[in-house]
Amino acid sequence: MRLLPLLAAASLAFGAAASADATLAAGAKAADFTTRGAMAGKVVDVHLAALLKKGPVVLYFFPAAFTGGCNAEAHAFAEAIPAFTKAGATVIGMSADDVPTLQRFSSEKCAGAFTVASAGPAVVAAYDVDLHHQMAGRNLTTRTSYVIARDGKIAFVHDNMDASQHVATTLAAVQQLH
């Protein structure tokens, strides 16, 4: 697939810039949103305020479904869902991909373990995750993970195009909320 090498190059080229300016600060109020997404291939509605009533939310943005780093990150989050659940947190993956793409991604790469949702322009702007880049006609978001406390405030931010530490850092942040 030609998109994979291009995304890898974009990650290297844009990683430093994205990390420098693409986050909301800890303590900021998280923007509420309602969108559509998928869980285990089934279309679902996602409303942040409703999820926060149950406990903290890990909202992780990823550039594009079915790309190397995003596939690996989704797999890692899927494997860690029992630990996030034990800590009382809900994990939601977000990208600018359309819902049909996320339906397939939720089944194939997320193992049906958590919801992935479509981040429209308003959500991308509110969370400051626009990579300011398109690839093969797809809008991309930065790889940014937010831990949002039950009170709706951002408790932790991990902003790095390298997918390898997002699960560990967000899980540790959720565990420290107790």
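Refer to the structure presented above.
Rules used throughout
- Residues numbered from 1 in each chain as written.
- Predicted model: local features only at pLDDT ≥ 70, side-chain atom pairs only at ≥ 80, totals over all residues.
- Heavy atoms only, no water.
- Helix = DSSP H or I, 4+ residues; strand = E, 2+ residues; numbered from the N terminus.
- Buried < 20%, exposed > 50% of the residue type's maximum accessible area, 1.4 Å probe, protein only.
- Contact = heavy atoms within 4.5 Å.
- Areas by Shrake-Rupley, 256 points an atom, 1.4 Å probe, with all protein chains shown as cover.
- 1 Å grid on protein atoms, 1.4 Å probe; cavity = no way out; pocket = protein on both sides within 12 Å on 5 of 7 lines; lining within 4 Å.
- Points joined across faces, edges and corners; volume = space filled by probe spheres on them.
- Nonpolar A, V, L, I, M, F, W, Y, C, P; charged D, E, K, R; others polar.
- Expected span 1.5 Å × (residues − 1).
- Bend = angle between axes of the 7 residues up to and from the residue.

Participant: Quick rundown of the overall build of the chain? Include the residues and the values.
Facilitator: Regarding its fold elements, the chain presents six helices and nine strands. Relative to its 178 residues, the chain shows a buried fraction of 49%. Considering only intrachain contacts with a sequence separation of at least 6, the fraction spanning at least 24 residues in the chain is 70%. Roughly 8000 Å² of accessible area belongs to the chain as shown, and the carbon and sulfur atoms make up 57% of that amount.

Participant: Any chance you could break down the layout of surface pockets for me, citing the residues and the numbers?
Facilitator: If you add up the space inside the largest pocket, you get close to 250 Å³. As for the largest pocket, its lining consists of 16 residues, and the residues nearest its centre are Leu51, Thr90, Val91, Ile92 and Thr115. At the level of elements, strand S2 (42-47), helix H3 (68-86) and strand S4 (90-95) are the ones that each hand at least two residues to the lining of the largest pocket. Classifying every residue of the lining of the largest pocket gives 10 nonpolar, four polar and two charged.

Participant: Give a description of H3 that names residues and reports values.
Facilitator: In a regular helix each residue adds 1.5 Å, so 19 residues correspond to 27 Å; H3 covers 28 Å between its end C-alpha atoms and thus fits that length. The sharpest bend along H3 measures roughly 50° and falls at Ala80, with the proline Pro82 sitting one to four residues further on. Restricting attention to buried positions, one finds in H3 the residues Cys70, Asn71, Glu73, Ala74, Phe77, Ala78, Ala80, Ile81 and Phe84. On the buried face of H3, the contacting elements are strand S3 (57-61), S4, helix H4 (99-108), strand S8 (144-148) and helix H6 (166-176). Among the residues trailing H3, Gly88 stands out with phi positive, at a value near 85°.

Participant: Can you explain unusual backbone geometry? Please cite residues and give values.
Facilitator: Positioned with a positive phi, Phe66 is a non-glycine residue whose angle comes to about 65°. Among the secondary structure elements, Phe66 is positioned in the loop between S3 and H3. The exposure class assigned to Phe66 is buried, which follows from its relative accessible area of 14%. The backbone of Ala111 shows a phi angle near 55°, a positive value even though the residue is not glycine. Structurally, Ala111 is set in the loop between H4 and strand S5 (115-118).

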